[in-house]
Amino acid sequence: MNTIKLFLNKKSHILSLLTLFTVIGILGGCGDSTSSSNEGDGEDKHLHFLYNFSTNSLDPHVDTSYVPLRAGITETLVRLDEENLTVEPWLAEDWEGEDGVNWIIHLREDVTFHNGTEMDAEAVKASLERAITENIAMDNALKIDQIEADGHTLEITTSEPFPEFISELVNPNVAIIDVTEDDILNRPIGTGPFVLDTFVQGSRLDLTRYDDYWDGASNLDSVTFSFNEDANARSLALRSGEVDIVYRPEVESLDTLREIDGLQVESTATFRVHQMTMNMQRENLQDVNVRRAIDALIDREDIVDSILLGHGEVAVGPFLPSLPFAPTYEEQPTGSDAAVAYLEEAGYTLEDGTMQKDGEPLTLTLLTYPSRADLPLIAQVFQSDAKQIGIEVEIKQIDIPEEYMASNRDWDIATYSNLTAPRGDAGYYLNATYHPTGALNFSGAEEVELTEIIDELNQTVDYDERAILAEEAAEYVHENVINSFVLHPSTIVAYNENKVDNWVTTRSEYYMITNQLDVK
């Protein structure tokens, strides 16, 4: 606990000196598109949304920040019903595919792209084919063998029985766009309630209402969707009235924000986990006892209480305990004594203050990234606790974790945050993170037994049987410590409730700028 408070105090002093300059610089790039006044006096109805991840690409088929969908530019064929944890129609009206291989999808017939072109089956076919060509992860996830288009009907055949095919279409990386347009990276043409006017890479999007939106045009005239990876600067921007909605403000600022008349703070449990990803291709980490030692060193309770100030819950596995496919785990020993015992099992000894084996000290390179403000703090706390038992941890800060971890293997562990059930099902996370073909398999796991469980899950229809298989997979990950799980953070959103109407903080974190958003 004292270690965590020390880092929080240091962080507070630094932010007090730098935040003013940071927020001035970031907001200065937003031009004249911001406005915080109530706009019911005949002026344009405008909202400014400030997000915590920046992006340099709006190509929805490869963009890992999912900004095109979150900003209301693009939509998918189906979407998640977050209350019932089921998929529901969106651009698709309905579908059928009882054998899990041959799928017929009926599209809505009243949808146009932002350029006025009709969204028919040929256009959707072209969009899906581009997605699986541009994104190997989507190719692996969808398992599409062929697509036939006729009017507003798609006939899709998968390469193997895949009962959860439709739920994979929730993924923002298979959003439907007009692929005949030239500049998809900077100006994708989607079907959503807002049209992209301008995109300043790493800074902001300016959006206007799409009057012919199939689900009813928004009451808003325009939206600014801007980025700032400094959580404290995001809080200051809301306090100053420069923005209307802030995603993930600084946790330490929440009490101050609540005291300001008209500011609403919401904390919502989501399908997210903060984890310590293990690079199992590194020699030291190929010993399960070393991984167990790392896991034992994580002081989860203090991290939740002191870094998140209670806005989260301790994680043992990847899935929230309330989900039907989350196992009940046996309690494992934790703390420095347990970590030392595991390392002794692995052949290490503590000599002259250094944990070593065969004369070689145990050193770890730990990756972290700043866009989630709590992750660098978790990294620093782990570094300090590891040092107490003679382990040197070098923290390396990176910008885009997915790109770095996929391209580089010069690291041992990484703080990483991942959605584990954004489709309301365990299949997405297990396939992406632990299958050898998974897009998020940064640990490099190639566990035969685990892969067999996931493959069986992919071909299983029955809900209860799927839950049992998901539990088996999660138990395997837990027992073998392929990754270590720290906490389930709540998503915190703060906004001006005197102006913002119909904001909804979703558990999937997919649906943000919608046609229901309005100003009072």
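For the structure itself, look to the data block above.
In this text, all values refer to a predicted model and were calculated from it rather than measured experimentally.

Cut-offs and rules
- Residues numbered from 1 in each chain as written.
- Predicted model: local features only at pLDDT ≥ 70, side-chain atom pairs only at ≥ 80, totals over all residues.
- Heavy atoms only, no water.
- Helix = DSSP H or I, 4+ residues; strand = E, 2+ residues; numbered from the N terminus.
- Buried < 20%, exposed > 50% of the residue type's maximum accessible area, 1.4 Å probe, protein only.
- Contact = heavy atoms within 4.5 Å.
- Pairing = 2+ DSSP bridges.
- Axes fitted to C-alpha atoms, helices over the stretch in contact; angles between N-to-C directions.
- Left-handed = near helix turned anticlockwise from the far one by under 90°.
- Patch = residues over 30% accessible without salt bridge, like charges linked within 9 Å, V, L, I, M, F, W, Y side chains within 5 Å.
- Areas by Shrake-Rupley, 256 points an atom, 1.4 Å probe, with all protein chains shown as cover.
- Salt bridge = Lys/Arg side-chain N within 4 Å of Asp/Glu carboxyl O.
- Lys, Arg positive; Asp, Glu negative; His and termini not counted.
- Charge placed at Lys NZ, Arg CZ, Asp CG, Glu CD.
- Phe/Tyr/Trp six-rings, centres within 6.5 Å; stacked < 30°, edge-to-face > 60°.
- Lys NZ or Arg CZ within 6 Å of the ring centre and 35° of its normal.

With that settled, consider the environment of isoleucine 398. Looking at where isoleucine 398 falls in the secondary structure, it is placed in the loop between strand E19 (392–397) and helix H12 (401–407). Classification of isoleucine 398 as buried rests on a relative accessible area of 6%. A C-alpha to C-alpha distance of 23 Å links isoleucine 398 and proline 60, two positions 338 residues apart in sequence. Ignoring sequence-local partners within four residues, the contact set of isoleucine 398 consists of Leu367, Thr368, Tyr369, Pro370 and Tyr404.

Taken together, the five bridges between strand E5 (residues 102–107) and strand E7 (residues 153–158) define a ladder with antiparallel strand orientation. By the bridge assignment, histidine 106 is partnered in E7 with threonine 153. Relative to E7, strand E6 (residues 144–150) runs antiparallel, the two being bridged by six bridges. Across the sheet, aspartate 150 pairs through a bridge with threonine 153, a residue of E7. In this structure, the hairpin formed by E6 and E7 is closed by a connection of two residues, where glycine 151 is found at a positive phi of approximately 65°.

We now examine the packing of helix H13 (residues 427–434) against helix H14 (residues 448–458). The contact between H13 and H14 brings their axes to 10 Å, and the two run at 145°. For H13 against H14, the interelement crossing comes out left-handed. Across the interface between the two elements, Gly427, Leu430, Asn431 and Tyr434 from H13 touch Leu450, Ile454, Leu457 and Asn458 from H14.

On to the environment of histidine 435, then. Along the chain, histidine 435 turns up in the loop between H13 and H14. Given a relative accessible area of 12%, histidine 435 falls into the buried group. Through-space distance from the C-alpha of histidine 435 to that of aspartate 44 is 49 Å; in sequence the pair is 391 residues apart.

Here the focus is the sheet that holds E7. Sheet architecture is open: four strands sit in the order E4-E5-E7-E6, paired in antiparallel fashion. Of all the strands in the sheet, the pair left with one neighbour each is strand E4 (92–96) and E6. Recorded for the sheet is a direction-independent mean angle of 20° between the axes of neighbouring strands. Bridge analysis of E4 against E5 gives four bridges, and the strand direction is antiparallel.

Among the surface-exposed residues, Glu449, Glu452, Asp455, Glu456, Asp462, Asp464, Glu465 and Glu472 lie close enough to one another that they form a single negatively charged patch. For the negative patch, the elements supplying multiple residues, two or more each, are H14 and helix H15 (463–480). If you tally residues by element for the negative patch, the top one is H14, at four residues. By the secondary structure assignment, glutamate 465 is in helix H15. The class of glutamate 465 is partly exposed, set by a relative accessible area of 47%.

Before going further, it helps to spend a moment on the pattern of salt bridges. Taken as a whole and assessed by the stated rule, the structure comprises 18 salt bridges. Arginine 272 is paired through a salt bridge with glutamate 509; the nearest N and O atoms lie 2.9 Å apart. Placement of the pair is arginine 272 in strand E13 (residues 272–278) and glutamate 509 in the loop between strand E22 (500–501) and strand E23 (518–519), with a sequence separation of 237 residues. The same class applies to arginine 272 and to glutamate 509, which are both buried. Of the charged contacts in the structure, one is a salt bridge between lysine 396 and aspartate 410, with a shortest N-O distance of 3.6 Å. Highlighted residues: lysine 396 in strand E19 and aspartate 410 in the loop between H12 and strand E20 (413–419), separated in sequence by 14 residues.

Now for the packing of aromatic side chains. Counted under the stated rule, the structure contains 18 aromatic pairs. Between phenylalanine 225 and phenylalanine 227, the ring centres sit 5.8 Å apart and the planes meet at 65°, which makes this aromatic pair edge-to-face. Note on phenylalanine 227: relative accessible area 2%, which makes it buried. Three or more aromatic residues joined by ring pairs make a cluster, and in this case those are Phe49, Tyr51, Phe53, Phe225, Phe227, Tyr247 and Trp503. Sitting over the face of the ring of tyrosine 511, arginine 79 holds its NZ or CZ atom 3.9 Å from the ring centroid.

Function cannot be read off these values alone, since they describe shape.
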